[in-house]
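Next come the chains, spelled out residue by residue.
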Amino acid sequence: MKKGLKILFSVLALTLLFAQNAFAAELPPQAGVIESSASSSISVEPDTVQLSLMVRTEESTGALSQQNNAAAVNQAIDLLVSEGINKDSIKTTNYSTYSYTKTDGDKNANELTVYSTNSGLEVKFNQFDKVGEILSKLAGINEVSINSVNYSVQDTAKYKQQLVSAAIADAKQNIQYSADAVGVKLDKLDSLSINFNSDFNAFHPYVSTDSVSGAAAPQPQNPDKITISATVNMSYFVQQ
């Protein structure tokens, strides 16, 4: 009986061994892959300027703070429109009212409740020759602070095909060079990813005040060019 069991186990082991060998023979060899990445870029003069403004008011009541904030916002908008900016190009980005306590500074150090109202404005226009003057005039409104000035290109899509095509051509050429160098032939495309982006020039303006006249001095504007780029990651299978 024991001898019969040994023979049975041996037959099963051989069967499993043959099955494993047959399964391994059916598996295709793992295909090799050659990868590469490439970028293409262009520098373009900016054609759009965006101002980020904050209008802040603080009063003893929430209603008064909101009322004065609305007046300051309207004053800023009227100023911008008078400079030739389309009212539709002026957007409200955020609005909030909150309270906090502070001491009045007297000997008694009484605590006071202050209500603060904040309105964020975004302004887009393309009259670059007016940027310095507009910044100076906005600085004349006490409740308005200029958070940043951004220069950008409005329509970057028109450069996309040119840049993506150039980046793909460079990446594919790099892969072909690599294949030729190691003596293999390329098969079909394995993967392709594309990243298209555009940067912008941003700065936080400082508007100086003339000590004699008391008028804000216009800040000269000379923005750098904007870089628009496409980056491609590509891989090809190698023929077996």
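(A) Seen up close, the sheet that holds strand E1 (residues 33-44). Pairing within the open sheet is antiparallel, and its 3 strands lie in the order E1-E8-E6. Sheet topology places E1 and strand E6 (186-198) at the edges, where each strand pairs with a single neighbour. Direction aside, neighbouring strands of the sheet carry axes that sit 15° apart on average. By the bridge criterion, 12 bridges tie E1 to strand E8 (residues 226-238) in an arrangement that is antiparallel. Paired with Ala38 across the bridge in E8 is Val232. Running at roughly 145° to E1, helix H4 (residues 160-182) makes contact with E1, E6 and E8 of the sheet.

(B) Looking closely at a nonpolar patch on the surface. On the surface, a cluster of nonpolar side chains totalling about 250 Å² of accessible area is made up of Leu189, Leu192 and Ile194. Turning to its location among the elements, Ile194 is positioned in strand E6.

(C) The arrangement of helix H3 (residues 131-138) in detail. Buried residues dominate H3, accounting for 6 of its 8 residues. Looking only at H3, the buried set comprises Val131, Gly132, Ile134, Leu135, Ser136 and Leu138. Those residues of H3 hidden inside the fold are in contact with strand E2 (48-59), helix H2 (62-82), strand E4 (111-125) and strand E5 (144-152).

(D) Representation of the pattern of salt bridges within the structure. Applying the stated criterion across every chain yields a total of 3 salt bridges. A salt bridge links Glu83 to Lys137; the nearest nitrogen and oxygen atoms lie 2.6 Å apart. On the criterion of sequence distance, the pair formed by Glu83 in the loop between H2 and strand E3 (90-103) and Lys137 in helix H3 is long-range, its members being 54 residues apart. What makes Glu83 buried here is its relative accessible area of 7%. Sharing partners across several salt bridges, the network here consists of Glu83, Glu133 and Lys137.

Reading the values: rules and limits
- Residues numbered from 1 in each chain as written.
- Predicted model: local features only at pLDDT ≥ 70, side-chain atom pairs only at ≥ 80, totals over all residues.
- Heavy atoms only, no water.
- Pairing = 2+ DSSP bridges.
- Helix = DSSP H or I, 4+ residues; strand = E, 2+ residues; numbered from the N terminus.
- Axes fitted to C-alpha atoms, helices over the stretch in contact; angles between N-to-C directions.
- Contact = heavy atoms within 4.5 Å.
- Patch = residues over 30% accessible without salt bridge, like charges linked within 9 Å, V, L, I, M, F, W, Y side chains within 5 Å.
- Areas by Shrake-Rupley, 256 points an atom, 1.4 Å probe, with all protein chains shown as cover.
- Salt bridge = Lys/Arg side-chain N within 4 Å of Asp/Glu carboxyl O.
- Buried < 20%, exposed > 50% of the residue type's maximum accessible area, 1.4 Å probe, protein only.

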